[in-house]
Amino acid sequence: MTEAILLVGGKGTRLRPLTVHTPKPMVPAAGVPFLTHQLARARAAGVDHIVLATSYLAEVFEPHFGDGSALGLHLEYVTEKEPLGTGGAIRNAAERLRSGPDEPVLIFNGDILTGLDIRALVDTHESTGADVSLHLTKVTDPRAYGLVPTDDTGRVLAFLEKPQTPEEIVTDQINAGAYVFRRSIIDTIPAGRPVSVERETFPDLLAAGAHLQGMVDSTYWLDLGTPAAFVRGSADLVLGRAPSPAVPGRRGDRLILPTARVAPDAKLTGGTVVGEGAFVAEGARVCGSTILPGAVIEPDAVVTDSLIGSRARVGERSVLTGAVIGDGAVVGADNELRDGVRVWCDARIPAGAVRFSSDQ
């Protein structure tokens, strides 16, 4: 198995303002675009040809990754003119595949951070003779996900929508967003229109008697669709909780990129990343956060579980917890920003303008 399609066309609306200027897979996690981690893990599993199915801000990918040779890969790019959904994107990208009808093609979603044993998924696909094999993971609370029950041999029995009542929770197994398709199955997906593999392709294949195989792999798995999840995923990569051969440095409490500057008495913990050209000033405390290139954390600021956009600035003594600060935004001194706040790109918050406590 040497081919894969990577779905990187989503708009990343849940991650805005991080995705205003940058497609979601290109937002840095642990010092490099998140997509780099996925490409590196695919290469480590023996994949050498990957087709990127792009759409939103499609022009960003190729200038960064080129032909993929720096990663030991051969990359090609296919761009959707109109959004085609997961199935439509797979069908659209398949024109660049070289596999024969019965050969396996790996499919990845571009926003999942996972420790999946990719080779084991392919081996399961081949040993069971499946038409499609799915990575399944077990979750504590499956109410937010579509459920995928299987029989004792792992064969998929159904695809169930998000459960609305306790009685509908018949399994804790969910679709984890990585698949192996028999190439000929991809060619049966309708071309030129939006198609959802979850709602259309997979249920139709089951109804037609196709063999869909599930493989449960409950190693690290995280959907990076929200800012809080993205920040956590980046920190977990730095801390070594999530596997990737692409982290540019040693695992540990912090990752400081080569041209970043950090004052000697600044404290960085919890998997914090300080990007190229960024500056963390004296007395600042940064925990579990991502500081993107060119950003500035001023003296005595406290930043926890937050993401600070490129060229953004956090003022002296400001306290940020669970915040997302867009590219070029400025948070003045002595502000307090709490969980869930999103400051848009290039916005300006005056000194002392937002507080949850007295200013005395």
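Cut-offs and rules
- Residues numbered from 1 in each chain as written.
- Predicted model: local features only at pLDDT ≥ 70, side-chain atom pairs only at ≥ 80, totals over all residues.
- Heavy atoms only, no water.
- Pairing = 2+ DSSP bridges.
- Helix = DSSP H or I, 4+ residues; strand = E, 2+ residues; numbered from the N terminus.
- Core = buried A, V, L, I, M, F, W, Y, C linked by side-chain atoms within 4.5 Å.
- Buried < 20%, exposed > 50% of the residue type's maximum accessible area, 1.4 Å probe, protein only.
- Contact = heavy atoms within 4.5 Å.
- Phe/Tyr/Trp six-rings, centres within 6.5 Å; stacked < 30°, edge-to-face > 60°.
- Lys NZ or Arg CZ within 6 Å of the ring centre and 35° of its normal.
- Axes fitted to C-alpha atoms, helices over the stretch in contact; angles between N-to-C directions.
- Arc of directions from axis to C-beta.
- Polar contact = N/O pair within 3.5 Å; in protein donor to acceptor, adjacent residues only side chain to side chain.
- Salt bridge = Lys/Arg side-chain N within 4 Å of Asp/Glu carboxyl O.

**Student:** Explanation requested: the sheet that holds strand β28 (residues 348-349) in the structure shown.
**Tutor:** The strands that make up a sheet are held in pairs by hydrogen bonds between backbone atoms, and each pair lies either parallel or antiparallel. If you walk across this open sheet you meet the 6 strands as β13-β16-β19-β22-β25-β28, and the pairing is parallel. With one partner strand each, in any of the chains shown, β13 (261-262) and β28 form the two edges of the open sheet. In the sheet, β13 pairs with strand β16 (residues 279-280) via 2 bridges, with the strands oriented parallel. In the sheet register, V262 faces β16, and the bridge partner there is V280.

**Student:** Which parts of the structure should I look at to understand the nonpolar core?
**Tutor:** Generally speaking, soluble globular proteins have nonpolar side chains that are buried together. With 29 residues, the main nonpolar core has I5, I90, I107, L134, F181, F202 and L212 as its most contacted residues. For this core, the elements supplying multiple residues, two or more each, are β1 (3-7), β4 (49-54), α3 (85-93), β6 (104-109), β8 (132-138), β9 (173-182), α5 (183-186) and α6 (197-207). Non-local contacts of I107, meaning those with residues more than four positions away in its chain, are made with I5, L7, I90, G177, A178, Y179, F181 and I186.

**Student:** I keep staring at the packing of aromatic side chains and nothing clicks. Help me out?
**Tutor:** The description of an aromatic ring pair uses the distance of the two centres, along with the angle that the planes make with each other. The full count for this structure, using the stated rule, is 6 aromatic pairs. Each ring, one from Y179 and one from F181, has its centre 6.3 Å from the other, and the planes form 85°; the classification is edge-to-face. Considered together, Y179 and F181 belong to a single accessibility category, that of buried residues. Grouped by ring-pair contacts, the aromatic residues F159, Y179, F181 and F202 constitute a single cluster. Over the face of the ring belonging to F279 we find R261, whose NZ or CZ atom lies 4.3 Å from the ring centre.

**Student:** How should the sheet that holds strand β10 (residues 212-216) be read in this particular structure?
**Tutor:** Strand order in the open sheet made by the 7 strands is β5-β4-β1-β6-β9-β8-β10, with mixed pairing throughout. What marks the edges here is a single partner per strand, and that holds for β5 (74-79) and β10. Each strand of the sheet is rotated relative to its neighbour by a mean of 25°, with strand direction disregarded. In the sheet, β4 pairs with β5 via 6 bridges, with the strands oriented parallel. Across the sheet, residue H49 finds its bridge partner in β5, namely H74. Along the sheet, α6 contacts β8, β9 and β10; its crossing angle with β9, the most-contacted strand, is approximately 65°.

**Student:** Explain helix α4 (residues 118-128) here, please?
**Tutor:** Since there are 3.6 residues in each turn of an α-helix, residues three or four apart along the chain are aligned in direction. Listing the buried residues of α4 in full gives I118, L121, V122, T124 and H125. Along the axis of α4, the buried residues cluster in a sector spanning 155°; they form a single face. Buried positions along α4 lie against α1 (34-44), β6, β8, β9 and β10. One side-chain oxygen of the residue at the start of α4 lies 3.3 Å from the amide nitrogen of R119, identifying that residue as D117.

**Student:** Would you mind going over the pattern of salt bridges with me for this structure?
**Tutor:** Enumeration according to the criterion identifies 17 salt bridges in this entry. Ionic pairing is found between D334 and R317, a salt bridge with its closest N-O pair at 2.8 Å. Here R317 lies in the loop between β22 (313-314) and β23 (319-321) and D334 lies in the loop between β25 (330-331) and β26 (336-337), a separation of 17 residues in the sequence. R317 gets classed as partly exposed once you look at its relative accessible area, which sits at 40%.

**Student:** I keep staring at the environment of G352 and nothing clicks. Help me out?
**Tutor:** The residue G352 is located in the segment after β28 in this model. Between the C-alpha atoms of G352 and F230, which are 122 residues apart in sequence, the distance is 28 Å. For G352, the contacting residues outside a window of four places in its chain are A333, D334 and N335.

**Student:** I would appreciate a short explanation of unusual backbone geometry in the present structure.
**Tutor:** If a residue is not glycine, its phi is most likely negative; likewise, a peptide bond is most likely trans. In the segment running from R16 into P17, the intervening peptide bond is cis, with an omega of 15°. Among the secondary structure elements, P17 is positioned in the loop between β1 and β2 (28-29). Located in the positive-phi region is D305, a residue other than glycine, with phi close to 50°. The phi torsion at R311 lies on the positive side, around 65°, for a residue other than glycine. Here R311 shows up in the loop between β21 (307-308) and β22. Residue classification places R311 among the exposed residues on the basis of a relative accessible area of 53%.

Purely spatial values, then, with no claim about function.
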